[in-house]
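# Residue-level structure breakdown
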Amino acid sequence: MNAIHYSLFFLLISAGCTRQPSLPASSPFNVTSRLNDSTWYGTGELLRIKEPTQQLKQVRQLNLLVYTDIDYPGMGSEPNPNTTTGCVNGECTRTQILMIYTIPFKKGRTTLAKLNKRSPIKHEQANLSYVGNSGGLAKRYIAQGAKPNWIRVTKIDQATGVVEGRFSLSLKEDMTVYNRLANGMPETAQFRGGLFRIKVKDVILK
């Protein structure tokens, strides 16, 4: 093996051993990111959805749901526009909801394009919804093939059920949303440096 081959070999080994970024232990939120260059945070759930006849070990995918009460342009003045707790205590008025579906329950990086191939409903594997004061949908962004679009599971603690990971998303405005806000909000929603640390929650369908 010549010097070039040795160098490539050690570069690959080093890349595989590189420590992945993780959510700081002191973070009050279990999900953080940058959204269009602004700080973004919320409270996430990782759902493992099981059919009644399935064993838990047979369910090898997770759904990530993140809620926050961060204000946004056009939200209005009610009911509590000045409260931005990130929904960390569960008592909040949800203003934004981020969802990523069918994440493989194993360590590794997966693109949304791969997730999209598994679903009969296209472009629904990741979406960000802005919710109005009355609870209705005000604006939504969906994955439409732009890059980067991926999620990575970096650590699974089998003893506690806690899963850690990262994500980077490029979502575009869903033009099919009826009566969506037209107030100068951007056409894209770009999440960068997304981090999460969440305990898996089992949901049994009836």
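About the cut-offs
- Residues numbered from 1 in each chain as written.
- Predicted model: local features only at pLDDT ≥ 70, side-chain atom pairs only at ≥ 80, totals over all residues.
- Heavy atoms only, no water.
- Core = buried A, V, L, I, M, F, W, Y, C linked by side-chain atoms within 4.5 Å.
- Buried < 20%, exposed > 50% of the residue type's maximum accessible area, 1.4 Å probe, protein only.
- Helix = DSSP H or I, 4+ residues; strand = E, 2+ residues; numbered from the N terminus.
- Contact = heavy atoms within 4.5 Å.
- Salt bridge = Lys/Arg side-chain N within 4 Å of Asp/Glu carboxyl O.
- Pairing = 2+ DSSP bridges.
- Phe/Tyr/Trp six-rings, centres within 6.5 Å; stacked < 30°, edge-to-face > 60°.
- Lys NZ or Arg CZ within 6 Å of the ring centre and 35° of its normal.
- Disulfide = S-S within 2.5 Å.

## Considerations on the nonpolar core
The biggest cluster of nonpolar side chains holds 36 residues, and the ones touching the most others in it are Ile100, Leu128, Leu171 and Phe191. With five residues, strand 10 (residues 188–204) is the single largest residue contributor to this core. Excluding residues that lie within four positions of it along the chain, Ile100 makes contacts with Leu62, Asn63, Leu64, Leu112, Leu115, Gln125, Ala126, Ile151 and Leu169. Within the second largest apolar cluster, seven residues are counted, among which are Tyr67, Cys87, Ile97 and Met99.

## Description of the environment of Leu23
Relative to the assigned elements, Leu23 resides in the loop between helix 1 (3–17) and strand 1 (31–35). The exposure class of Leu23 is buried, given its relative accessible area of 3%. Separated by 173 residues in the primary sequence, Leu23 and Phe196 have C-alpha atoms spaced 6.2 Å apart. Setting aside anything within four residues of it in sequence, one finds Leu23 in contact with Phe29, Asn30, Val31, Thr32, Leu195, Phe196 and Arg197.

## So, the pattern of salt bridges
Two side chains that carry opposite charge are able to pair once their charged atoms sit near each other. Summed over all chains, the structure comprises five salt bridges. One salt bridge in this structure joins Arg140 and Asp174, with 2.6 Å as the shortest N-O distance. Note that Arg140 is positioned in strand 7 (residues 137–142) and Asp174 in the loop between strand 9 (162–173) and strand 10, a separation of 34 residues in sequence. A salt bridge links Arg180 to Glu173, with the shortest nitrogen-to-oxygen separation between them at 2.6 Å. The class of Arg180 is partly exposed, set by a relative accessible area of 28%. By sharing partners, the salt bridges in this structure join Lys139, Glu173 and Arg180 into a single network.

## Thoughts on the pairing of strand 6 (residues 126–131)
A large share of strand 6 lies buried, amounting to six of its six residues. The alternating pattern of strand 6 places Ala126, Leu128 and Tyr130 on one face and Asn127, Ser129 and Val131 on the opposite face, and all of these are buried. In this sheet, strand 6 lies alongside strand 4 (residues 96–104) in antiparallel orientation, the contact comprising five bridges. Bridge assignment links Ile97 to a residue of strand 6, and that residue is Ser129. As paired strands, strand 6 and strand 7 are joined by five bridges and run antiparallel to one another. Bridging across to strand 7, Val131 finds its partner in Leu137. Counting the residues between successive antiparallel strands, the hairpin from strand 6 to strand 7 contains five residues, one of them, Gly135, with a positive phi of roughly 95°.

## As for the packing of aromatic side chains
Inspection of every chain in the model, using the stated rule, returns five aromatic pairs. Here the aromatic rings of Trp40 and Phe191 are separated by 5.1 Å at their centres, their planes lie at 85°, and the arrangement is edge-to-face. Placement of Trp40 in strand 2 (residues 38–50) and of Phe191 in strand 10 is noted, with a sequence separation of 151 residues between them. Across this residue pair, the class does not change: Trp40 and Phe191 are buried. Grouped by ring-pair contacts, the aromatic residues Trp40, Phe167 and Phe191 constitute a single cluster. Directly above the ring of Tyr67 sits Arg94, whose terminal nitrogen or CZ lies 3.5 Å from the centroid.

## Remarks on the state of the cysteines
On inspection of all chains with the given rule, the structure shows one disulfide. One disulfide in the model links Cys87 with Cys92; its S-S distance is 2.1 Å. Handedness here is read from the sign of the S-S torsion; for Cys87 and Cys92, about 90°, the answer is right-handed. Residue Cys92 is classed as partly exposed on the basis of its relative accessible area of 22%.

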